[in-house]
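# Fold and contact review
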Amino acid sequence: MKALIHIGMPKAGSSSIQEFLKINREVLSSRGIRYAPFNPDFGSQYELAATGLAGAGKGIRDGTARQVLGLNSAEDEAAYVARYRAFLDAGLAEWREDLFVGSSEHIQPWLARSETIAALDIFLRNRFDAVRYVVYLRPQADTLLSSYSERIRRGETLDFETHLQGRLKALNLNQIVKLWETAVGADRLDARL
């Protein structure tokens with residue numbers, strides 16, 4: 001089985017992609033595509049990003065995600081990744097589709113270093129015949145405005161300049177793509193607008 005992993009960028013349609021995969025799961029399966037989130041209640045497949053972190057000896061720094069996943073300690077995180085590993089391995093022994101598709105907007109921000117990307121890639125390459133990655137890029141100005149608007153709607157009161165300064169590193173799409181190309185190879189990364 002081959003794998004295609006969607007590296008969800010913030011404000012670039014990741015939730016829409018995940019919702020499409022979720023509601024079309026049976027049709028996709030009938031066409032040879034396996035979408036198998038560890039927890040179908042979540043849109044993002046946290047387990048993919050968590051596996052990359054664990055493989056590099058890192059922990060989840062996102063307090064909200066740890067709370068959502070019920071991970072209160074490093075041991076909880078290790079157990080979560082072990083459960084996912086067992087889930088995936090059991091599935092791979094039974095699934096008959098040709099392609100596994102995964103999607104998580106937590107991959108890009110959590111795996112922001114070459115060693116964490118490589119750890120996820122090694123985990124996946126040890127299980128799949130071939131692994132490819134796809135990332136959809138949205139123009140930076142659109143991303144910046146959308147993320148600021150979302151923060152204001154959620155009740156935050158920061159000014160735009162403060163938001164901009166906090167987001168500048170995340171807006172360097174060239175740097176993000178080059179990091180992934182270096183870690184997994186340009187031939188296995190599809191960057192699309």
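Scroll up to find the structure.
So, a few notes on the structure that sits alongside this text. (Residues numbered from 1 in each chain as written. Predicted model: local features only at pLDDT ≥ 70, side-chain atom pairs only at ≥ 80, totals over all residues. Heavy atoms only, no water.)

### What to know about the overall build of the protein chain
Each helix and strand counted, the protein chain has ten helices and five strands in total. Expressed along its principal axes, the backbone C-alpha trace of the protein chain runs to roughly 50 × 35 × 35 Å. A total of 193 residues make up the protein chain; the buried ones form 42% of that total. For the protein chain, contacts bridging at least 24 residues in sequence account for 75% of all contacts bridging at least 6. Of the accessible surface of the protein chain, which amounts to about 10400 Å², a share of 50% is contributed by carbon and sulfur atoms. (Helix = DSSP H or I, 4+ residues; strand = E, 2+ residues; numbered from the N terminus. Buried < 20%, exposed > 50% of the residue type's maximum accessible area, 1.4 Å probe, protein only. Contact = heavy atoms within 4.5 Å. Areas by Shrake-Rupley, 256 points an atom, 1.4 Å probe, with all protein chains shown as cover.)

### Points about the packing of helix α3 (residues 46–55) against helix α5 (residues 74–94)
Packing of α3 against α5 leaves a shortest axis separation of 10 Å and a crossing angle of 115°. Like other packed secondary-structure pairs, α3 and α5 cross with a definite hand, here left-handed. Here Y46, E47, L48, A50, T51 and A54 of α3 come into contact with α5, specifically with Y80, V81 and Y84. In terms of residue class, the contact of α3 with α5 is built from seven nonpolar, one polar and one charged. (Axes fitted to C-alpha atoms, helices over the stretch in contact; angles between N-to-C directions. Left-handed = near helix turned anticlockwise from the far one by under 90°. Nonpolar A, V, L, I, M, F, W, Y, C, P; charged D, E, K, R; others polar.)

### A short note on the environment of L120
Mapped onto the elements of the fold, L120 is located in helix α7 (residues 114–125). Look past the residues within four positions of L120 in its chain and what remains in contact with it is L48, G52, I107, L111 and Y133.

### Focus on the sheet that holds strand β5 (residues 189–192)
Strand order in the open sheet made by the five strands is β2-β3-β1-β4-β5, with parallel pairing throughout. Bordering the open sheet on either side are β2 (33–35) and β5, each of which pairs with just one other strand. Sheet twist, expressed as the average angle between the axes of neighbouring strands with direction ignored, equals 20°. The pairing of strand β1 (residues 2–7) with strand β4 (residues 130–136) spans five bridges and is parallel. Across the sheet, residue A3 finds its bridge partner in β4, namely V131. (Pairing = 2+ DSSP bridges.)

Taken by themselves, the reported measurements are silent on function.
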